[in-house]
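# Survey of secondary and tertiary structure
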Amino acid sequence: MRAESMPEIDQVPVSDGTTKQLTQIWQEILGIESIAPDQNYFDLGGDSSLAVHMFAQIEKIFGVKLPLATLFEAPTIDELARILRRDESPAGWSSLVAIQPSGSRPPFFCIHGAGGTVLIYRELAQRLGPDQPFYGLQAIGLDASCDPLTRVEDMAALYTKEIRRKQPRGPYYLGGYCMGGTVAFEVAQQIRAQGEQVALLALFDTMDWSKVPPASILDKSYHAVERLVFHAANFSRLDRQGKAQFLREKVEILRTRIPVWRGMVLARFSKTPRADSSESVLLAKIWQTNDRACAAYVPKLYAGAVTDFRPLQQYRIFNRPNAKWDRLAQGGQQVIVVPSYPAGMLVEPFVQHLAAALEKAISAAVQRNGNG
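Scoring rules and cut-offs
- Residues numbered from 1 in each chain as written.
- Predicted model: local features only at pLDDT ≥ 70, side-chain atom pairs only at ≥ 80, totals over all residues.
- Heavy atoms only, no water.
- Buried < 20%, exposed > 50% of the residue type's maximum accessible area, 1.4 Å probe, protein only.
- Helix = DSSP H or I, 4+ residues; strand = E, 2+ residues; numbered from the N terminus.
- Pairing = 2+ DSSP bridges.
- Right-handed = clockwise from strand over helix to strand, strands pointing away.
- Salt bridge = Lys/Arg side-chain N within 4 Å of Asp/Glu carboxyl O.
- Core = buried A, V, L, I, M, F, W, Y, C linked by side-chain atoms within 4.5 Å.
- Contact = heavy atoms within 4.5 Å.

Turning our eyes to something else, we now look at the pairing of strand 2 (residues 108–111). Here strand 2 shows two buried faces, one formed by Phe108 and Cys110 and the other by Phe109 and Ile111. Bridge analysis of strand 2 against strand 3 (residues 134–137) gives four bridges, and the strand direction is parallel. Its bridge partner lying in strand 3, cysteine 110 is registered against glycine 136. The parallel pair strand 2 and strand 3 is bridged by helix 5 (residues 122–128), and the resulting crossover is right-handed. Taken together, the four bridges between strand 2 and strand 4 (residues 172–177) define a ladder with parallel strand orientation. When the sheet's bridge partners are listed, cysteine 110 is paired in strand 4 with glycine 175.

Dropping the structure here:
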């Protein structure tokens, strides 16, 4: 009698075909040989750029287009597999993303930076704690169903509708990093024009970009040197554990930037990009469109107050008195300097300082407005 062969035991068990295929996609995208179905995508080093490629693969294999923000709802293979097994179609794409939807405090709405995604706010939302609802606004066009918006005013109009659909009445708590702060400023203008109150407008390392002149070759070279100096300055402020964490974060950010740079080159020099490069071109298109929209936007006087979160030092080309918000915020400007240099405030472990300062600002605004 033929002896039955013992079943092969995989290092990572898979329960069905969906889980197995997802595991293979994750292994390929993340470059990790062994991934458990309950491991978190972000803990494995996943970022927004890799997520674009991952969801493109999911659409190709499963025939289902999922928004990147699905990762907030389903950050593991098991959870993602459950979504793909649902009989009903996935929920329609929306700019509004529930990064942390639970909590008793007033919701905080945070608008995407130039990259268009809101995955950059994950650590900030976590640091604010489980009682602080946190919603992100992601850019139109990330799902490739339409072109990105080209004007800050149009972005703000769309995001204002999304915000008010979630929270019909004020007061509102708004914010954004870099370009996101610019759009948040315009959202605040439009909300106030609709007769509603803005309790907090938090701008994270945001300038009035219309006051920043186009950079010369010399400016760009100096800026590149400053970037290295600021990275080194951030690194030097950390202990051994913090340095290791900081390096991991920066490697992830660099990995995010590479496909965008690649997409910019392909979009410029290749008339027929390969299919596998389409996600990189999409990211580059959104980034460039947002940059142009931001530079073209000329903010008007704002009747409310602005809370301006700044790094310890600013890039020389941006460090202009007329590019600050004190001349525009008729309700006053509060400047809060966080202990990190540029490109550090959203990165672990520095994000804890921004979260602490933001939590304090939200609490003060709640107390002023009596809506705790």
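Continuing now.
Further remarks concern the pattern of salt bridges. Per the counting criterion, the structure on display carries eleven salt bridges. Between glutamate 123 and arginine 122 there is a salt bridge, and its shortest N-O distance comes to 3.8 Å. For arginine 122, a relative accessible area of 11% gives the class buried. Across the pair aspartate 154 and arginine 151 runs a salt bridge whose closest N-O atoms are separated by 3.0 Å. Looking at arginine 151, the relative accessible area reads 40%, which means it is partly exposed. One salt-bridge network, held together by shared partners, links Asp43, Arg122 and Glu123.

Turning to the nonpolar core, a few remarks are in order. Formed by 59 residues in total, the largest nonpolar core has its most connected members in Phe108, Leu124, Phe204, Phe309 and Leu358. Among the elements that make up this core, the one with the highest residue count is helix 11 (residues 351–369) (nine residues). Non-local contacts of leucine 358, meaning those with residues more than four positions away in its chain, are made with Phe108, Leu124, Leu128, Leu200, Ala202, Phe204 and Phe309. Leu142, Ala156, Met207 and Val212 belong to the second largest nonpolar core, which has 40 residues in total.

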